[in-house]
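The lines below spell out each chain.
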Amino acid sequence: MSIEETASKIKNMEIRGAGKIARCAVMALKEYALSIDAESTELYLKALREGCNELKNTRPTAISLSNALSYVMRRATGESIEEIRANLVKAVDDFVEASIAAIEQIATMGSHRIVDGDVILTHCNSTAAIRTIIKAHEEGKQISVYATETRPRYQGRITARTLAENGIPVTLIVDSAVRFFMQKVDIVIIGADTVASNGVVINKIGTSLVALAANEARVPVLVCAEGYKFSRETAMGRIVEIEERDPSEIVDVAEFEGLDVKIKNPVFDQTPPRYIDSIVTEMGVISPFAAYDIIKKFEER
Ligand SMILES: O=P(O)(O)OC[C@H]1O[C@H](OP(=O)(O)O)[C@H](O)[C@@H]1O
């Protein structure tokens, strides 16, 4: 798929999920790198950087996107265009393979935290979180899941369908019913778009409410997040931008035609580390307060 088409599909969320948008972005860059030529290595690299920027600007909160592109571009080196191209292609293939393997590694480690008979609550639609839940089921643990529908785009319905298709008892609830059901829950398992260096987890809007209700009920919150979702930029003092999307995702704005009604649609929120029990990464299970260690480990890769 071309960079333009990929960027458009990531922006309109036809392609979504922090991990998937990262993989699709670097694969689009690979296709572009294979399709173009240039009069010099400098011009070739300039064209690649322009392609990167078009992809990077699609969804500002998911650091996975920029981390993936940076991982690949750091390795796009060489004396000739052919050498640069070959190194970029290898870096993309390596990233995609490792990012898919990371989900399985997270699921294996995360499943150890799920006990036979557990009632799980999950929010939105995280591949890493869902794979962890399915892994526990595959290991024969009798589990059931509450899945929040996750307004305004209802990603939780995908989660409910996926878990049911895997034979897992699942109950779909509205987001505002989380505290109502939390007394029945043994563990919350969610994904992440970005993990900041101070352990703050940025995930789908409503996550911080889920974590707050879990904390009140003494229910542990387990975050499943691959290493490339940890933000080095926050370690340098940068703030993660919370994406605001079109109000039309929430309501038909014509309903309020002529009325002074503001509609805000932030699509992520920030959960403080004190509300999180552990973050399961492919490099191990950590306290959210140890997020910086993962940033350093991932940099060494
Ligand atoms: O990478 P995986 O675990 O699939 O998803 C991570 C997170 O990305 C999604 O964002 P969106 O629905 O794309 O806005 C959700 O917030 C989900 O928890």
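Quick notes on the rules
Residues numbered from 1 in each chain as written. Predicted model: local features only at pLDDT ≥ 70, side-chain atom pairs only at ≥ 80, totals over all residues. Heavy atoms only, no water. Helix = DSSP H or I, 4+ residues; strand = E, 2+ residues; numbered from the N terminus. Rg over C-alpha atoms; globule rule 2.2 N^0.38 Å. Buried < 20%, exposed > 50% of the residue type's maximum accessible area, 1.4 Å probe, protein only. Contact = heavy atoms within 4.5 Å. Areas by Shrake-Rupley, 256 points an atom, 1.4 Å probe, with all protein chains shown as cover. Lys, Arg positive; Asp, Glu negative; His and termini not counted. Charge placed at Lys NZ, Arg CZ, Asp CG, Glu CD. Near = heavy atom within 4 Å. Polar contact = N/O pair within 3.5 Å; in protein donor to acceptor, adjacent residues only side chain to side chain. Domains from an automatic or database assignment. Salt bridge = Lys/Arg side-chain N within 4 Å of Asp/Glu carboxyl O. Buried area = accessible area lost by both parts, 1.4 Å probe. Nonpolar A, V, L, I, M, F, W, Y, C, P; charged D, E, K, R; others polar. Disulfide = S-S within 2.5 Å.

Asks: Break down the overall build of the protein for me, with residues and values.
Replies: Summing up its helical and strand segments, the protein has 11 helices and 10 strands in all. In terms of C-alpha radius of gyration, the protein reaches 20 Å, essentially the compact-globule figure of 19 Å for 301 residues. Projected onto its principal axes, the C-alpha coordinates of the protein cover approximately 65 × 55 × 40 Å. Across the 301 residues that make up the protein, the buried fraction comes to 54%. For the protein, restricting intrachain contacts to residue pairs at least 6 apart in sequence, the fraction spanning at least 24 positions comes to 74%. Accessible surface computed for the protein: about 13800 Å², of which carbon and sulfur atoms make up 51%. Positive and negative side-chain charges in the protein, numbering 36 and 43 respectively, have mean positions lying 4 Å apart.

Asks: Tell me about the site of the ligand, and name the residues and values.
Replies: The environment of the ligand is made up of 19 residues, and the closest members are Gly17, Asp193, Asn203, Lys204 and Lys229. Here an oxygen atom of the ligand and a side-chain polar atom of arginine 16 are 2.8 Å apart. Within the backbone of threonine 127, one N or O atom sits 2.8 Å away from an oxygen atom of the ligand. Considered on its own, the ligand offers 450 Å² of accessible surface; in the complex 99% of this is hidden by protein. Broken down by secondary-structure element, the contributors of at least two residues to the shell around the ligand are helix H2 (18–35), helix H6 (127–138) and strand E6 (201–204). Split by domain, the residues of the shell around the ligand number at least three in each of domain 1 (3–100) and domain 2 (106–300).

Asks: Lay out the pattern of salt bridges in plain terms, naming residues and giving numbers.
Replies: Counted under the stated rule, the structure contains 17 salt bridges. The partner of arginine 179 in a salt bridge is glutamate 216, with the nearest N and O atoms 2.6 Å apart. Remark: glutamate 216 occurs in helix H9 (residues 207–216) and arginine 179 occurs in helix H8 (residues 178–182); sequence separation between them is 37 residues. By relative accessible area, which is 44% here, glutamate 216 ends up partly exposed.

Asks: How would you explain the domain arrangement of the protein if you had to name every residue and give the values?
Replies: The domain architecture assigned to the protein consists of domain 1 (3–100) and domain 2 (106–300). Computed from C-alpha coordinates alone, the two centres of domain 1 and domain 2 are separated by 26 Å. Of the residues lining the interface, 17 residues belong to domain 1; the matching set on domain 2 comes to 22 residues. Taken together, both faces of the contact between domain 1 and domain 2 bury some 1600 Å²; the carbon and sulfur share is 51%. The largest contributions to the domain 1 side of the interface with domain 2 come from Arg16, Thr61 and Ile63, which together make up 34% of the buried area. Our enumeration of links across domain 1 and domain 2 arrives at one salt bridge. Across the contact surface, domain 1 and domain 2 share 10 residue pairs in polar contact (both at pLDDT 80 or more). Going through the elements one at a time, H2, helix H4 (63–75) and helix H5 (81–111) are the ones with two or more residues in the side of domain 1 that touches domain 2. Considered class by class, the residues forming the side of domain 1 that touches domain 2 number seven nonpolar, six polar and four charged.

Asks: Describe the state of the cysteines, listing the residues and the values that go with them.
Replies: As enumerated under the stated definition, the model contains zero disulfides in all. With no disulfide partner, cysteine 52 has as its closest neighbouring cysteine sulfur the one in cysteine 24, 15 Å distant. A residue is classified by how much of its surface remains accessible, and cysteine 52, at 4% relative accessible area, is buried. With no disulfide of its own, cysteine 124 lies 13 Å from the sulfur of cysteine 224, the closest cysteine sulfur. For cysteine 124, a relative accessible area of 7% translates into the label buried.

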